[in-house]
Amino acid sequence: MTGKIVKIAGPLVIADELPEVKMYDVVRVGARKLIGEVIEIKSDSVAVQVYEETSGLTPGEPVVSTGEPLSVLLAPGLVTTIFDGIQRPLERIRAEHGAFIAKGVDLSALDLQKKWLFVPTAPVGAALQAGDALGYVQETPAVKHLILLPPLSAGGELKSIKAGEFNITEPIAVLTNKAGQDEPVAMLQKWPIRKRRPYARKLSPDKPLITGQRIIDTLFPIAKGGTACIPGPFGSGKTVVQHQLAKWADADMIVYVGCGERGNEMTDVLQEFPHLKDPKTGEALIKRTVLIANTSNMPVAAREASVYTGVTIAEYFRDMGYNVAMMADSTSRWAEALREMSGRLEEMPGEEGYPAYLGSRLAEFYERSGRVIALGSGAREGSLSVIGAVSPPGGDLSEPVTQNTLRVVKVFWGLDSALAYARHFPAINWLKSYSLYIANLEDYYAAEIDEEWAQLRVQAVSLLQQESELQEMVRLVGMDALSGREQLVLEAARSIREDYLHQVAFDEVDTYTSFRKQYLMLKAVLAFYQAGLKLLEQNKDVTRSFKHPLRAKIARLKYTPENELQTMTGLAAEIVKTLAAL
Amino acid sequence: MKREYKSVAEISGPLILVEGVAQAGYEELVEVRTSSGELRRGKVLEAHRDWALVQMFEGTSGLDQNSRVRFLGRGVELPVSSEMLGRVYSGSGRARDGGPEIIAEKNLDINGLAINPTARDYPNDFIQTGISTIDGLNTLVRGQKLPIFSGSGLPHARLAAQIARQAQVLGGGQTEFSVVFGAMGITYEEAEFFMEDFRRTGAITRAVLFINLADDPAIERISTPRMALTAAEYLAFEQGHHVLVILSDITSYCESLREVSAARKEIPGRRGFPGYLYTDLSTLYERAGRLQGKSGSITLLPILTMPEDDKTHPIPDLTGYITEGQIILDRALHQRGIYPPVNPLPSLSRLRDKGIGAGKTREDHANAANQLFAAYARGREARELAVILGDSALSEDDKKFSQFSEAFENKFIRQGENENRTIEETLSIGWELFKLLPEDQLKRLKPEQIKKYMR
């Protein structure tokens, strides 16, 4: 089917003479065969959003439909690779076209020639169904890439299977289907990005995604398979938080989508991750990471596709039974791309010019997260956690993207510019943020950390709450008017903020805190408060404990390396004993 | 292929609609000859099978339906060569200094192409600007895009000129340094201030200027920054220069963009600006940076005036989301006679931590800077409290922080317009100021640093 361009306006191209084209089919536009996607069909024309720069296109140039929806290639070769929003391999584009991204680049997402060592695990004669593993490829030291029967396969009996080195399109096995016909199976799968990959069933999240970031793990945890959002004005540290999560979260796989953000941020990830070690496996972090980069100056329509490309790749690894975490920075830029296309289509705008379907698109996207039992007879359990940054204009959270996001996500890490100005990072506001997973995770905490963890957490939150109320009072009447007890609350809360919640991402030790260390630290920080309460009980001057040298020790706990935690074990008891005896 | 038409159907604002055009390319360059013989240029904004919508760079006054429209079959291009150094161009790239047109080495499309993120090299060379609030707290590095958020009446031009004059890379090699200045809608006096400063210091011989003044056509401003950045890319990535690009004023640029958007009757976003303002600004700002395997770099210093000093206005807001930090000028500091009136608290350099530390500046730099931020923030808070309750209501510690913040403004922030402080000097002032504070409150500093520098 070949049509003709009627009109070009930015990334939107109107074409006619394409009668049998389907919604969301991929088309090639113009003599240079730019990649586009059908987003509207009218009686005499179709609207196409083009994923590349359209300058230079002229009316009358051909438009050819491929008859297929926009899909990603799924096979060994994904890990450590950096793709653009429509899964074009940026490193190979650079090798062929130089430092600047040329137009009309046509390169396969994955290397089709490269041979991978395939190790079969399914025995010949086995009855296989969709989602069953045929074998695996050890793609990187950190990732065992399971080769699964595609979700839409009807299954059958395994007739033959080969071990050895194959490229991703060569058949590795032959299946006899129910009709008795032989079907060759290769490693490569394709999946349309706008459709979620099927699973057997969904489960409630019950384990935390441990991030090593104290304010997140302690106060506002996200569960494996959960959703979280980080809204904040510029300069409040969204990207640093996202990078910290990509580095230290205890997921098996990370998919990082840089959606409409800065080019240098992706460069930073590319240059830093190969040198950082995963605390769990000891391998370089890049060995478990897939990167999608559609920076702000790259074509806007591909930005819209980038989050779907990312989430589809993440689902593919989830189906192998892995805990996958996906970061999207920033979903606001994705929403703006949606708005731009909607505006060009002259659709009736909803709030602030965003299309009326903004909310449903956001909900659809976040619902692709979750803890699931994957397809197949093995009942593999995998999870996909999604963490989206939101960039509200002017830091105003009442805007549509933030509000629609908050309706679907379960964790809210609200960034605060006042904290950022005082260089208190992560600048997550402890009064406004919340996590709805705490009840789900209680059993885990009691079993894995300590019975008293929940109680410590509640006490810390309560002190911070009281502090904010007391600060109001100090503003009105001054510090002197406060009782000893109130001064103790202020001092203890200050210690929680400065000695516990404040965490330096750029410090070698402080950048990651294990749960064990968090427990010991929090216990020590709160021991100061316990001791103060004891002093008050004995009617002593509580302020005497404020300047004790032990407090300097509490302040330096964050710099205690993970292999010296035994030095921290008796500290809380010592603090209570020493300070209460003043 | 040159095609000429005499079928201007509509003229509205900066736009003209040409009918019966068979094959106008999107973004193609257009030349229009008015009935009086004057030649104007424009580009295709929308290309249709039967018509083309053309945006005129130099306005539509004097155009009529008898104007002759020629489609040139290429995009808007800038002729470049190293002879451009020392020259002054108009906002649309024509010689403005009375000199001859240059002999072009090549013609480059002013829209440029997106840099492949894998080809970028991370900016991490410290630039010493000699200004304490920048070097010490919000450090500029080579290849960074760091805007100055200003307000009307604030000395952003003086600050930008001082940076252009003093900027140097410590221990940097022999690579050439040049300045590209893009003026959009600024006054003659402001433009003259820059040119005079460049002439006085001799910088003019290694500068390229693109000047669109307040009384020049507003629509021309849309191409001015693209011309400037195209020249910068040529100098940086083909000639190996370290280029400092100053763009002033981004606010005028955005207003021109809004004018075109309004003329096209597009659905407006916030404050009437088009919904694609973010994308449009990013295609300017993201052209800054370094490339692997190239010795040159583009450091971008856009200046914008915030309407009513409002940081949440769409222009500063969207800029802040794209650039790698911001330097914010503060009216209160300015009114107290402090130059440069940079408020360090809301200012930020995202690339600071990669550009400082042992081997680049000094090992204590990051901690000292963080301590200065934290202490100044607390001091300001204490001062605000004292305004309501009086000094006596402050705790002993808070009184010290309050004194610290006063001293910080007078000794650290304040400096002369020609005072070029080394990074050592800047850090020493900081350490001097820490002596005003109780040592147990210096939580961001390491004990060994306190021992070493607190003398």
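Residues numbered from 1 in each chain as written. Chains lettered and ligands numbered in written order. Predicted model: local features only at pLDDT ≥ 70, side-chain atom pairs only at ≥ 80, totals over all residues. Heavy atoms only, no water.

Some thoughts on the overall build of chain B
Scanning chain B for helices and strands turns up 13 helices and 21 strands. The C-alpha atoms of chain B give 25 Å as radius of gyration, which agrees with the globular expectation for 455 residues (23 Å, within 12%). Looking at chain B as a whole, 63% of its 455 residues qualify as buried. Counted over contacts in chain B with a minimum sequence separation of 6, partners at least 24 positions apart contribute 73%. Carbon and sulfur atoms provide 47% of the accessible area of chain B, an area that totals close to 16100 Å². In chain B, the 56 positive side-chain charges and the 62 negative ones have mean positions that sit 3 Å from each other. (Helix = DSSP H or I, 4+ residues; strand = E, 2+ residues; numbered from the N terminus. Rg over C-alpha atoms; globule rule 2.2 N^0.38 Å. Buried < 20%, exposed > 50% of the residue type's maximum accessible area, 1.4 Å probe, protein only. Contact = heavy atoms within 4.5 Å. Areas by Shrake-Rupley, 256 points an atom, 1.4 Å probe, with all protein chains shown as cover. Lys, Arg positive; Asp, Glu negative; His and termini not counted. Charge placed at Lys NZ, Arg CZ, Asp CG, Glu CD.)

Focus: the overall build of chain A
In terms of regular secondary structure, chain A is built from 15 helices and 26 strands. Its C-alpha atoms give chain A a radius of gyration of 27 Å, within 12% of the compact-globule value 25 Å for 582 residues. Counting over 582 residues, chain A shows a buried share of 62%. Long-range contacts, defined here as pairs at least 24 residues apart, represent 70% of the contacts in chain A between residues at least 6 apart. By element, 52% of the accessible surface of chain A is carried by carbon and sulfur atoms, the whole surface being about 21000 Å². For chain A, the separation between the mean place of its 64 positive charges and that of its 71 negative charges on side chains is 2 Å.

Re the sheet that holds strand β13 (residues 156–161) of chain A
Residues and elements named next belong to chain A. The antiparallel open sheet is built from four strands, whose spatial order is β10-β13-β15-β16. Because the sheet does not close on itself, it has two edges, and the strands there are β10 (127–128) and β16 (182–186). Relative to β16, strand β15 (residues 171–176) runs antiparallel, the two being bridged by five bridges. Note on β16: the bridge partner recorded for Ala 173 is Val 185. (Pairing = 2+ DSSP bridges.)

Remarks on the packing of helix α11 (residues 453–477) of chain A against helix α10 (residues 365–389) of chain B
Packed helices, taken two at a time, are described by the angle their axes make and the gap between the axes. With their axes 8 Å apart at the nearest point, α11(A) and α10(B) run at an angle of 50° to one another. Classified by the angle between their axes, α11(A) and α10(B) sit oblique to one another. Here A:Val474, A:Arg475, A:Leu476 and A:Val477 of α11(A) come into contact with α10(B), specifically with B:Leu385, B:Ile388 and B:Leu389. Classifying every residue of the contact of α11(A) with α10(B) by side-chain character gives six nonpolar, no polar and one charged. (Axes fitted to C-alpha atoms, helices over the stretch in contact; angles between N-to-C directions. Parallel < 35°, antiparallel > 145°, perpendicular 65-115°, else oblique. Nonpolar A, V, L, I, M, F, W, Y, C, P; charged D, E, K, R; others polar.)

Comments concerning the pattern of salt bridges
Taken as a whole and judged by the stated rule, the model has 76 salt bridges over all chains. Two residues, B:Lys452 and B:Glu363, come together in a salt bridge whose shortest N-O distance is 3.9 Å. Taken together, the residues B:Lys452 in helix α13 (residues 447–453) and B:Glu363 in the loop between α9 (352–355) and α10 connect sequence positions 89 residues apart. B:Lys452 gets classed as exposed once you look at its relative accessible area, which sits at 54%. Classification of B:Glu363 as partly exposed rests on a relative accessible area of 37%. One connected set of salt bridges, linked through shared partners, spans A:Glu261, A:Arg262, A:Glu265, A:Arg333 and A:Glu336. (Salt bridge = Lys/Arg side-chain N within 4 Å of Asp/Glu carboxyl O.)

Some details on the packing of helix α6 (residues 277–285) of chain B against helix α7 (residues 314–322) of chain B
Residue and element names in this part refer to chain B. Close contact between α6 and α7 brings their axes to 10 Å; oriented N to C, the two are set at 50°. Judged by the inter-axis angle, α6 sits oblique to α7. Along this stretch, α6 crosses α7, giving a crossing that reads as right-handed. Residue-level inspection shows Leu 277, Tyr 278, Leu 281, Ser 282 and Tyr 285 of α6 in contact with α7, the latter providing Leu 318, Thr 319, Tyr 321 and Ile 322. Classifying every residue of the contact of α6 with α7 gives seven nonpolar, two polar and no charged. (Left-handed = near helix turned anticlockwise from the far one by under 90°.)

Considerations on the domain arrangement of chain A
All names here are of chain A. Once the domains are mapped, chain A shows domain 1 (2–69), domain 2 (116–187), domain 3 (201–435) and domain 4 (453–580). Placing the centre of domain 2 and that of domain 3 at their C-alpha centroids yields a distance of 32 Å. Contacts between the two partners involve 14 residues from domain 2, matched on the other side by 14 residues from domain 3. Both sides of the domain 2 and domain 3 interface together cover about 1200 Å² of buried area, and 60% of this is carbon and sulfur. Here domain 2 and domain 3 share six residue pairs in polar contact (both at pLDDT 80 or more) between them. Looking at the side of domain 2 that touches domain 3, the elements that each hand over two or more residues are β11 (133–140) and β12 (143–148). (Domains from an automatic or database assignment. Buried area = accessible area lost by both parts, 1.4 Å probe. Polar contact = N/O pair within 3.5 Å; in protein donor to acceptor, adjacent residues only side chain to side chain.)

Here we look at the nonpolar core
Residue and element names in this part refer to chain A. Core analysis: the biggest nonpolar cluster contains 96 residues, and Ile 387 and Trp 413 have the highest contact counts within it. Here the element with the most residues in this core is helix α13 (residues 515–537); it accounts for 13 residues. Taken domain by domain, the makeup of this core includes at least three residues from each of domain 3 (201–435) and domain 4 (453–580). Aside from chain neighbours lying at most four places away, what touches Ile 387 is Leu 209, Ile 222, Ala 228, Ile 230, Gln 242, Leu 245, Met 326, Met 327, Ala 328 and Trp 413. Tyr 51, Val 307, Tyr 354 and Leu 358 belong to the second largest nonpolar core, which has 75 residues in total. (Core = buried A, V, L, I, M, F, W, Y, C linked by side-chain atoms within 4.5 Å.)

What about the packing of aromatic side chains?
Enumeration over the complete set of coordinates arrives at 25 aromatic pairs over all chains. Considering the side-chain rings of B:Trp431 and B:Phe434, the 5.3 Å spacing of their centres and the 90° angle between planes classify their relative orientation as edge-to-face. Taken together, the residues B:Trp431 and B:Phe434, both in helix α12 (residues 423–434) and three residues apart, mark about one turn of the helix. With respect to burial, B:Trp431 and B:Phe434 carry one shared label: buried. A network of ring pairs unites the aromatic residues A:Tyr444, A:Tyr445, A:Trp453, A:Phe515 and A:Tyr519 as a single cluster. Sitting over the face of the ring of B:Tyr278, A:Arg333 holds its NZ or CZ atom 3.8 Å from the ring centroid. In this structure, A:Arg333 packs its charged tip against the face of B:Tyr321, placed 4.6 Å from the ring centre. (Phe/Tyr/Trp six-rings, centres within 6.5 Å; stacked < 30°, edge-to-face > 60°. Lys NZ or Arg CZ within 6 Å of the ring centre and 35° of its normal.)

Looking at the interface of chain B and chain A
Counting residues at the interface gives 78 residues for chain B, matched by 74 residues for chain A. Carbon and sulfur atoms make up 54% of the surface buried where chain B meets chain A, a total of about 6400 Å² over both sides. Among the residues of chain B in contact with chain A, B:Tyr26, B:Pro117 and B:Tyr321 are the three that bury the most area, contributing 12% of the side total. Taken together, the connections running from chain B to chain A amount to eight salt bridges.

Let's talk about the pairing of strand β4 (residues 29–33) of chain B
Residues and elements named next belong to chain B. With four of five residues buried, β4 is to be regarded as a mostly interior element. As paired strands, β4 and strand β5 (residues 39–48) are joined by five bridges and run antiparallel to one another. If you follow Leu 29 over to β5, its bridge partner there is Lys 43. Counting the residues that bridge the hairpin from β4 to β5 gives five residues, and of these Gly 37 lies at a positive phi of roughly 95°. As paired strands, β4 and strand β7 (residues 68–71) are joined by four bridges and run antiparallel to one another. When the bridges of β7 are listed, Val 32 appears paired with Val 69.

Considerations on the side chain of B:Thr251
Summarising the element assignment, B:Thr251 is placed in helix α5 (residues 250–263). Setting aside anything within four residues of it in sequence, one finds B:Thr251 in contact with B:Leu304, B:Thr305 and B:Ile315.

Quick look at the environment of A:Gly226
All names here are of chain A. Residue placement: Gly 226 occurs in the loop between α2 (214–219) and β19 (227–231). In sequence terms Gly 226 and Val 411 are 185 residues apart; their C-alpha atoms lie 8.2 Å from each other. In this structure Gly 226 touches Ser 369, Leu 384, Ser 385, Val 386 and Tyr 437, once residues within four positions along its chain are discounted.

Focus: unusual backbone geometry
Here the bond from A:Phe425 into A:Pro426 is cis, since omega is -10°, no more than 30 degrees from zero. Between B:Tyr339 and B:Pro340 the backbone carries a cis peptide bond, its omega angle lying at -10°. Counting through the fold element by element, B:Pro340 comes out in the loop between α8 (331–335) and β21 (348–349). The residue A:Glu346 is not glycine, and still its phi comes out positive at about 60°.

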